[in-house]
Amino acid sequence: MSHARTVLRLTLSLRFAGRLCSARFMEGPPQGPASPPAMENGTAPCGEKRPPDTQETTVTEGSAKIAFPSANEVFYNPVQEFNRDLTCAVITEFARIHLGAKGIQIKVPGEKEVQKVVVDLSEQEEDKAVLKEGADPAPGNQPQTATVGEICEEGLRVLEGLAASGLRSIRFAREVPGLRSVVANDASARAVDLIRHNVQLNEVAHLVQPSQADARMLMYQHQRVSDRFDVIDLDPYGSPAAFLDAAVQAVSEGGLLCVTCTDMAVLAGNSGETCYSKYGAMALKSRACHEMALRIVLHSLDLRANCYQRFVVPLLSISADFYIRVFVRVFTGQAKVKASASKQALVFQCVGCGAFHLQRLGKASGAPGGRVKFSAACGPPVAPECEHCGQRHQLGGPLWVEPIHDLDFVGRVLEAVSTNPGRFHTSERIRGVLSVVTEELPDVPLYYTLDQLSSTIHCSTPSLLQLRSALLHAGFRVSLSHACKNAVKTDAPASALWDIMRCWEKQCPVKRERLSETSPAFRILNVEPRLQANFTIRDDANPSSRQRGLKRFQANPEANWGPRPRARPGGKAVGEAMEDRRRLLQNKRKEPAEDLAQRAARLKTFPCKRFKKGTCQRGDQCCYSHRPLTPEATAEAAPTDCPQTPNQKPPGSGATSGPGVD
């Protein structure tokens, strides 16, 4: 009986503790004992307790000044300053649109006071934005003005689901006008304690509200229309897949959803089955893997939103450094959701030459009475073998094949950053990246690369301007891509591209005798081009961003840059010992360097091909064996050719160099 009572008491205690943990929102950390498990992506057990005071480091970024522990307890990565600057710029323009429809103007520090054009993007019945020149819904009254650092009663409600040190939320409060509140949420008690400290340090307690909760549960608790957030920012460590379902429900009608993905190994095709389990699409290894990753994430967002009769409209999609970043608006509409199938497509990619073809999942066609009829698409668009090189196709996707940018919105952000360059530390890079984005062909998914085309047929590489000029002379459109500096994004079919490369190969011939008859290069070059390419440089072949010398593609910002280690409670500081360990573990899977004597002895086990033909003139100085071969040895040993290295010495004589020895 006593044993049963003890079990009952423990059960009731655990239930009470679970209810207390899930119900805590915008409250301080508990006073109970600390829990040892570590925080991961905003889903840590409640009850963490901050250890005694540790050494702190102060960092100034933008208008914010934050203090964080030197130990790896709270995640911070200075390389992502570009990400945070771009997010502030995007939310500022979104606030200008959102509040402009209500007759409220925003005032940005450093921005000239000019009359802005109000753009209404909430009317989804129209495909284009409606421009309202000088709209004033309250005649006779002076228009309201929202400034930075002040509460706007009709402003944006912002949620940062995984705030860590709170840097992003504090920058929103100090740099973005027109905000009503900013919720800086994290599941770690140490992180929330640090957020409170940084909020007080920056004097934004009236705007930023620290919260300790599971990010998913917090968003699920705000599904009601009146409780939804206007802006949700998700920047997790790794994949955001676990948070997308809750995010598309917690964002308001026409609200802004900002998502960062740093699991690029998965999205770039290294593990297709893992990508399918997280995002519902198979990723392929491709030269256009970064744009394919953007389109896979957009497909995943739209797929999750469709479950709740909602759909997404991309504003800006960026691939930068080691991550991708997408900004989408979420709307509700059953009629628009029906068109989502026609916005997704499978991709057939040849494993030999890299040519790809898209197959949409659905088809939307006009019907009598102005209606739209939706039906299944017909396919596949390719034969079992590639028509160019005869190799097989790989199947990837589904992925988003509609435009991934709203060029009108991107132009507004670009104009705001260009006219106020002192607002952000990375303004120069933002200008360069957004300029390339505006030059991209919006209706052409994916791209080829210059080195991919030339390496497939083993020829010299034409210059970017030569290839772009040849495509323009042939009547096709062509552009760059912000995701790759060697990208060739064009509406030309793969057959026209290979015809242009065949014409280029005639000017710079390759040795056909060295090509295997089954290789893609042999089969492609064995066909005469039907299109005669003209490689004369055209003026319009050089894009404007390239002519102006903008900072389009970022160089490595610092040594050992990239994703930082995962945050650990009471983690170790990254010091010299950690750096030494990283250097020690680099290239650990490579075979150790071979000793010169061992290499010379190993080469002597292979027969000399020229000796077998009777043409080797090196005698004992040859690095390969001149012994007569037995039938068994002939079957086992692979014949090799003598290297053309002069001044050779016989191996085994104490020489440090010799034939075939580097």
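Further up the page is the structure itself.
Read on for an overview of the structure. (Residues numbered from 1 in each chain as written. Predicted model: local features only at pLDDT ≥ 70, side-chain atom pairs only at ≥ 80, totals over all residues. Heavy atoms only, no water.)

A closer look at the overall build of the chain
Within the chain one finds 21 helices and 21 strands. By residue count, 49% of the 662 residues in the chain fall in the buried class. Long-range pairs, those at least 24 residues apart, make up 69% of the contacts in the chain with a sequence separation of at least 6. (Helix = DSSP H or I, 4+ residues; strand = E, 2+ residues; numbered from the N terminus. Buried < 20%, exposed > 50% of the residue type's maximum accessible area, 1.4 Å probe, protein only. Contact = heavy atoms within 4.5 Å.)

Considerations on the packing of aromatic side chains
Summed over the entire model, instances satisfying the criterion amount to 4 aromatic pairs. Relative to F535, the ring of W504 has its centre 5.3 Å away and its plane inclined at 65°; by these criteria the two rings are edge-to-face. With W504 in helix α15 (residues 494-507) and F535 in the loop between α16 (520-525) and α17 (544-547), this pair connects stretches of sequence that are 31 residues apart. Residue class for W504 comes out buried when judged on its relative accessible area of 7%. Residue class for F535 comes out buried when judged on its relative accessible area of 10%. The aromatic ring of F82 is capped on one face by R429, whose charged end is 4.2 Å from the ring centroid. (Phe/Tyr/Trp six-rings, centres within 6.5 Å; stacked < 30°, edge-to-face > 60°. Lys NZ or Arg CZ within 6 Å of the ring centre and 35° of its normal.)

A look at the sheet that holds strand β20 (residues 478-481)
What the 3 strands build is an open sheet, ordered β19-β21-β20; its pairing is antiparallel. Every other strand in the sheet has two partners, leaving β19 (448-449) and β20 as the edge strands with one partner each. Here β19 pairs with strand β21 (residues 484-490) via 2 bridges, running antiparallel. Looking at β21, one finds that Y448 is bridged to V488. (Pairing = 2+ DSSP bridges.)

Some thoughts on the sheet that holds strand β18 (residues 393-400)
In spatial order, the strands read β15-β14-β18; together these 3 strands make up an open sheet with antiparallel pairing. Both outer strands of the open sheet, β15 (356-360) and β18, are each paired with one neighbouring strand and no more. Averaged over all neighbouring strand pairs, the angle between strand axes comes to 25°, with direction disregarded. Judged from the 6 bridges that link them, strand β14 (residues 344-350) and β18 form a sheet pairing that is antiparallel. Residue pairing across strands places F348 opposite L395, the latter belonging to β18. Contacts from helix α9 (residues 289-306) reach β14 and β18 within the one sheet, and its direction differs from that of β18 by about 55°. (Axes fitted to C-alpha atoms, helices over the stretch in contact; angles between N-to-C directions.)

Notes on unusual backbone geometry
The omega torsion across G379 and P380 is 0°, close enough to zero to call that bond cis. Mapped onto the elements of the fold, P380 is located in the loop between β17 (371-376) and β18. In this structure, the amide linkage connecting G397 to the following residue, P398, adopts the cis form with an omega of 5°. Its place among the elements puts P398 in strand β18. Although it is not a glycine, E203 sits at a positive phi angle of roughly 60°. Using a relative accessible area of 65% as the deciding quantity, one classes E203 as exposed. Within the chain, Q309 stands out as a residue other than glycine whose phi angle is a positive 55°. Judged by relative accessible area, which is 35%, Q309 ranks as partly exposed.

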